[in-house]
Amino acid sequence: MAARRGGGLMGARVETFGAATLYLGDWRDHIEEIGPVDHTFADTPYGNFMHAAKAKARARPLRNDGGPELIPLEFETIEGQREEVAAAWCEKTKGWMLTFCEPEAVGDWRWALMAAGARYKRACFWVKVGATPQMNGQGPGMGVEAFTAAWCGPGHSAWNGGGRDNHFEHPVPRKPRGRERHPTEKPISLMEEITVLFSNPGQLICDPFMGSGTTGVAALRKGRGFVGIEVNEKYFDLACYRLEAAAQDGVQTDFFEYRKPVQNRMELAVPS
Ligand SMILES: C[S@@+](CC[C@H](N)C(=O)[O-])C[C@H]1O[C@@H](n2cnc3c(N)ncnc32)[C@H](O)[C@@H]1O
């Protein structure tokens, strides 16, 4: 039995689907069981700023255009945990540590990652095609989310994107899947693109906040290994369902297999 943070005990649950291993519980209770990982793509909870906006959905429906309502979040914000997450997972990671966040929190993550000894490289942006509008019209809606890219390993950082830029355009996941969806599910196409750019086939990717396992599905589809941790059993079960299917489907190299871009875009502007 493993200790559950916040009291009580829960049965230790570890599930394996092909090259994916999933742990149910708090990442702090499982990190010692996990060896070094090549990359950590942490879709952590966001900060108070984002959670507060979604909490309003508890009070009343916000949309009058027939679109999907915001869902209040059942998990704690990242505030108070950011430095601990950065320190623990930078130490475990041999390559990239990507941390997802709202644009307002890029600076907080930057300082936390640098304090943890990582080499901060860039803020990247998911441009959310079909994002929820700002329904009260009192200011701009949230059309982008961010992730910070920091290198935790020795030597130079390396990725498969050459000189391409830091914006990633992908639709917000919407379609019902015939069973419950995680309230902050990332688009699988976004995670596939990131996987192909920031890792190589055969490497091990970890998401210590895996939710319904989108990072893991992308990893298996692209021929990477995956280790994930999730504290909420409902989301853990969703992740098991999705990872089992992904392991059965096998590696899919059709879509975002990356074509190497021109290394330096300036070269394009120089007449030959
Ligand atoms: C942003 S969501 C991840 C969503 C996921 N990328 C997906 O597509 O389904 C963050 C997840 O972290 C989980 N979580 C929060 N604190 C945690 C902790 N201390 N240990 C493990 N998981 C945690 C939450 O329950 C939540 O499901």
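Definitions and cut-offs
- Residues numbered from 1 in each chain as written.
- Predicted model: local features only at pLDDT ≥ 70, side-chain atom pairs only at ≥ 80, totals over all residues.
- Heavy atoms only, no water.
- Disulfide = S-S within 2.5 Å.
- Buried < 20%, exposed > 50% of the residue type's maximum accessible area, 1.4 Å probe, protein only.
- pLDDT = per-residue confidence, 0-100.
- Contact = heavy atoms within 4.5 Å.
- Helix = DSSP H or I, 4+ residues; strand = E, 2+ residues; numbered from the N terminus.
- Pairing = 2+ DSSP bridges.
- Phe/Tyr/Trp six-rings, centres within 6.5 Å; stacked < 30°, edge-to-face > 60°.
- Lys NZ or Arg CZ within 6 Å of the ring centre and 35° of its normal.
- Salt bridge = Lys/Arg side-chain N within 4 Å of Asp/Glu carboxyl O.
- Axes fitted to C-alpha atoms, helices over the stretch in contact; angles between N-to-C directions.
- Parallel < 35°, antiparallel > 145°, perpendicular 65-115°, else oblique.

**Points about the state of the cysteines**
Thought 1: Evaluated as defined, the whole model comprises 0 disulfides.
Thought 2: Cysteine Cys90 remains unbridged, with the sulfur of Cys152 as its closest cysteine sulfur at 3.6 Å.
Thought 3: The buried category is assigned to Cys90, whose relative accessible area is 6%.

**A closer look at the confidence of the model for the protein**
Thought 1: Looking at the protein, pLDDT values average 86 and 79% of them are 70 or higher.
Thought 2: In this model, residues 257–272 is a region of pLDDT below 50 whose contacts with residues beyond four sequence positions or in other chains number 19 contacts.

**What about the pairing of strand β8 (residues 144–151)?**
Thought 1: Within β8, 7 of the 8 residues are buried, which leaves it mostly tucked inside the rest of the structure.
Thought 2: The pairing of strand β6 (residues 96–101) with β8 spans 6 bridges and is antiparallel. In the sheet register, Trp96 faces β8, and the bridge partner there is Trp151.
Thought 3: As paired elements, strand β7 (residues 119–129) and β8 share 8 bridges and run antiparallel to each other. Considered in β8, the bridge of Tyr120 is made with Ala150.

**Brief notes about helix α5 (residues 188–198)**
Thought 1: Where burial is concerned, most of α5 is hidden: 10 out of the 11 residues are buried.
Thought 2: Listed in full, the buried residues belonging to α5 are Ser189, Leu190, Met191, Glu192, Glu193, Ile194, Thr195, Val196, Leu197 and Phe198.

**Focus: the packing of aromatic side chains**
Thought 1: Under the defined criterion, the tally for this structure stands at 8 aromatic pairs.
Thought 2: With a centroid separation of 5.2 Å and an interplanar angle of 75°, the aromatic rings of Trp96 and Trp151 are classed as edge-to-face. With a gap of 55 residues between them, Trp96 in strand β6 and Trp151 in strand β8 connect regions that are remote in the sequence.
Thought 3: Taking 5.5 Å as the distance between ring centres and 45° as the angle between the ring planes, the aromatic pair formed by Phe147 and Phe168 counts as tilted. With a gap of 21 residues between them, Phe147 in strand β8 and Phe168 in strand β9 (residues 167–171) connect regions that are remote in the sequence.
Thought 4: Classification of Phe147 by relative accessible area gives buried; the value is 0%.
Thought 5: Cluster of aromatic residues (ring-pair linked, three or more members): Trp96, Phe100, Phe147, Trp151, Trp159, Phe168 and Phe198.
Thought 6: Sitting over the ring of Trp111, Arg110 keeps its end group 5.2 Å from the ring centre.

**What to know about the pattern of salt bridges**
Charged atoms that come close allow side chains of opposite charge to pair.
Thought 1: Under the defined criterion, the tally for this structure stands at 16 salt bridges.
Thought 2: For the salt bridge of Arg28 with Asp26, the shortest nitrogen-to-oxygen distance reads 3.0 Å.
Thought 3: Arg28 sits in the partly exposed class, given a relative accessible area of 26%.
Thought 4: By relative accessible area, which is 10% here, Asp26 ends up buried.
Thought 5: Between Glu193 and Arg164 there is a salt bridge; the shortest N-O distance is 2.8 Å. Taken together, the residues Glu193 in helix α5 and Arg164 in the loop between β8 and β9 connect sequence positions 29 residues apart.
Thought 6: Residue classification places Glu193 among the buried residues on the basis of a relative accessible area of 10%.
Thought 7: Sharing partners across several salt bridges, the network here consists of Arg13, Glu15, Glu233 and Asp237.

**Comments concerning the packing of helix α6 (residues 214–221) against helix α7 (residues 233–249)**
Thought 1: Two elements in contact, α6 and α7, have axes separated by 9 Å at closest approach and are oriented at 5°. Comparing the axis directions of α6 and α7 gives the class roughly parallel. Residue-level contacts link Thr214, Gly216, Val217 and Leu220 of α6 to Arg242, Leu243, Ala246 and Ala247 of α7.

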